[in-house]
Amino acid sequence: MRIDLHTHSDRSDGTDDPRALMQRASEAGLDVVALTDHDTSDGWDDARSAAHDLDLGFVAGIEISCRHAGAGVHLLAYLVDPGYQPLRHELGRILAGRSSRLPATLGRLRKIGIELDAADVRAVSGPAAAVGRPHVADALVAKGVVANRDEAFDRYLAHGRPAYVDRYAAELEDMVDMVERAGGVTVIAHPWGRQSRSALSADVLAGLTARGLTGVEVDHQDHDVAARQELREVADRLGLVATGASDFHGEGKLDCPLGCNLTAPDQLERLLVAAEQAATRSGRAPPRAVLP
Ligand code: AMP
Ligand code: ZN
Ligand code: FE
Ligand code: FE
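Described in the following lines is the structure provided in the data block. It should be emphasised that the depicted structure is a prediction, and the values quoted were computed from it without experimental measurement. (Residues numbered from 1 in each chain as written. Chains lettered and ligands numbered in written order. Predicted model: local features only at pLDDT ≥ 70, side-chain atom pairs only at ≥ 80, totals over all residues. Heavy atoms only, no water.)

1. Concerning the coordination of the iron ion (ligand 3)
Heads up, the rule is: Metal donors were taken as nitrogen, oxygen and sulfur atoms no farther than 2.8 Å from the ion, or 3.2 Å where the ion is Na, K or Ca. Water is excluded, so coordination may look unfinished. Starting at the N terminus, helices and strands are each numbered in turn, a helix being any DSSP run of H or I of at least four residues and a strand any DSSP run of E of at least two. Throughout, exposure labels follow a simple rule: accessible area from a 1.4 Å probe, protein chains only, divided by the maximum for the residue type, with under 20% read as buried, over 50% as exposed, and the rest as partly exposed.
Protein ligation of the iron ion (ligand 3) involves Glu63 (OE), His74 (ND1) and His190 (NE2), the donor distances falling in the range 2.1 to 2.2 Å. Mapping the donors of the iron ion (ligand 3) onto the primary sequence gives the spacing E-x10-H-x115-H. Here the iron ion (ligand 3) and the zinc ion (ligand 2) are spaced 5.6 Å apart. Within this pair, whereas Glu63 is found in strand S3 (residues 57-68), its partner His190 is found in the loop between strand S6 (185-188) and helix H9 (202-211), the two being separated by 127 residues in sequence. The exposure class assigned to Glu63 is buried, which follows from its relative accessible area of 1%.

Given below as C-alpha cells:
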C-alpha cells in the first residue's frame, strides 16, 4: 500500500484542483491520499468523490497554521469535523489574517522597487480560500521578477526577508485540544523543518503527546536523514504515530512529487484507530477514512 498523507490543492496554495489532484495521485500509483489544504476543508467533497471514482483511498485533513514559542508550526488535523463551531471560527480567523496582510506585503515590495498589484496576485490565486505568500510568489514569477517560488521566498517572502509580514496563527496546544474536541486526530507537519525545530524539542513533543497529539510527520523533504532518524526514535519513545508524505503543491514546487515519501500501512492503521476513538469521545460525526 502506497500512502501519502499530506497534499495541497488549489483550494489553498497547490495548483491542481482537488479532482485533478486525485487523478494525479492515481497515476502516481498511490493507494491512499490525504488532502490537507492550509486552513480549509473546501476541497474535501470534490477530492472524496474523485477518489471514489478512481478506487483511491481518501483521508480528509486540514493543515492548520499554528504558533508555538514564537515559531510557526503546521498541525495536520485528520478526520476532524469541520462544522465544529470553535474550529470554524479559528480557521476563519487564520484565513482572514492571511488574506488581510496582502496590502502590507505589496507595500513592502513597492518599497524595494517591485510593483505588484493585488489584481496580479488574485489572477494566480484562483479558487483559493485565502491569498498566501505562495500566490505572491507565483505573481512574481508571472511578472518575471523571479524564476520560481523558492527564489521568491529566498529573496523576498521568507521570515526575515524584506517583504515578510507576520500574520495570525492559532496557539498550538489550544489547537491540539480543539481538534480532539472536533473528533479528529493531530499530527505535526514537518516538525523539524524550516523554522520550527528549535520550538519543538523532544520535551515539547512529550508535553504535546500528553495533551493528545497523535503523531509526527517524520519522512518529509524538509528533514534530512539524520533528522528523520532522530525524530523516528523520539516518536517510538513517546508512542507517537510516524507518518511520511510528499506535501505536494503541484506545479509551484516540483522537487517532491506525489508519493516521494510514504506512510507505512501499520502507522496509518494506528492513526485511524486513534481517529475512531476521538470521534467516539467527541460525540460528533466527523468524516471517516475511505480505504481502497
Ligand atoms: P503563508 O500561509 O502565506 O504564510 O504561506 C506559507 C506557505 O508558503 C507554506 O505553507 C509553504 O507552502 C510555503 N512556504 C513557506 N516558506 C517557503 C519557502 N522558504 N520556500 C517555498 N515555499 C515556502
Ligand atoms: Zn502550502
Ligand atoms: Fe506545511
Ligand atoms: Fe503542507
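Having seen it, we continue.
2. Here's the deal with the site of ligand 1
Going by this rule: In these notes, residues near a molecule or strand are those with any non-hydrogen atom within 4 Å of it. For the purposes of these results, a polar contact is taken to be a pair of N or O atoms within 3.5 Å, where, inside protein, one atom must be able to donate a hydrogen and its partner to accept one; residues adjacent in sequence count only when each atom of the pair is a side-chain atom. In this description, accessible areas are obtained by the Shrake-Rupley approach with a 1.4 Å probe, and a residue is regarded as covered only by the protein chains that are shown. With a 1 Å grid spanning the protein atoms alone, the term cavity applies to any set of points in which a 1.4 Å probe fits but cannot get out, the term pocket to an open set with protein on both sides within 12 Å along at least five of seven lines, and the term lining residue to any residue with an atom within 4 Å of a point. Throughout, a molecule is located in a cavity or pocket provided that more than half of its atoms lie within 2 Å of its grid points.
Lining the immediate surroundings of ligand 1 are 13 residues, of which His38, Arg98, Arg101, Arg133 and Arg167 lie closest. Interatomic distance of 2.9 Å between a side-chain N/O atom of Arg167 and an oxygen atom of ligand 1. One of the side-chain nitrogen or oxygen atoms of His249 is found 3.1 Å away from an oxygen atom of ligand 1. Compared with its free state, where it exposes 500 Å², ligand 1 has 90% of that area covered by protein. Put simply, ligand 1 lies in the largest pocket.

3. Some words on the coordination of the iron ion (ligand 4)
Put simply, the rule reads: In this scheme the shape depends on donor count and angles: four donors with every angle between 85 and 135 degrees give tetrahedral, four or six donors with opposite pairs above 155 degrees and others between 65 and 115 give square planar or octahedral in turn, and any other case is irregular.
Each protein donor to the iron ion (ligand 4) is listed here as His6 (NE2), His8 (NE2), Glu63 (OE) and Asp247 (OD); together their distances run 2.1 to 2.2 Å. One can describe the donor arrangement at the iron ion (ligand 4) as irregular, given that its 4 donor atoms subtend angles of 76 to 161 degrees at the metal. Of note, the donors binding the iron ion (ligand 4) are all from one chain and are spaced H-x1-H-x54-E-x183-D. Here the zinc ion (ligand 2) and the iron ion (ligand 4) are spaced 4.5 Å from one another. Of the two residues, His8 is situated in the loop between strand S1 (3-4) and helix H1 (18-27) and Asp247 in the loop between strand S8 (241-244) and helix H11 (265-282); the sequence distance between them amounts to 239 residues. For His8, a relative accessible area of 0% translates into the label buried. Assessed through its relative accessible area of 6%, Asp247 is described here as buried.

So yeah, pure geometry; function would need other evidence.
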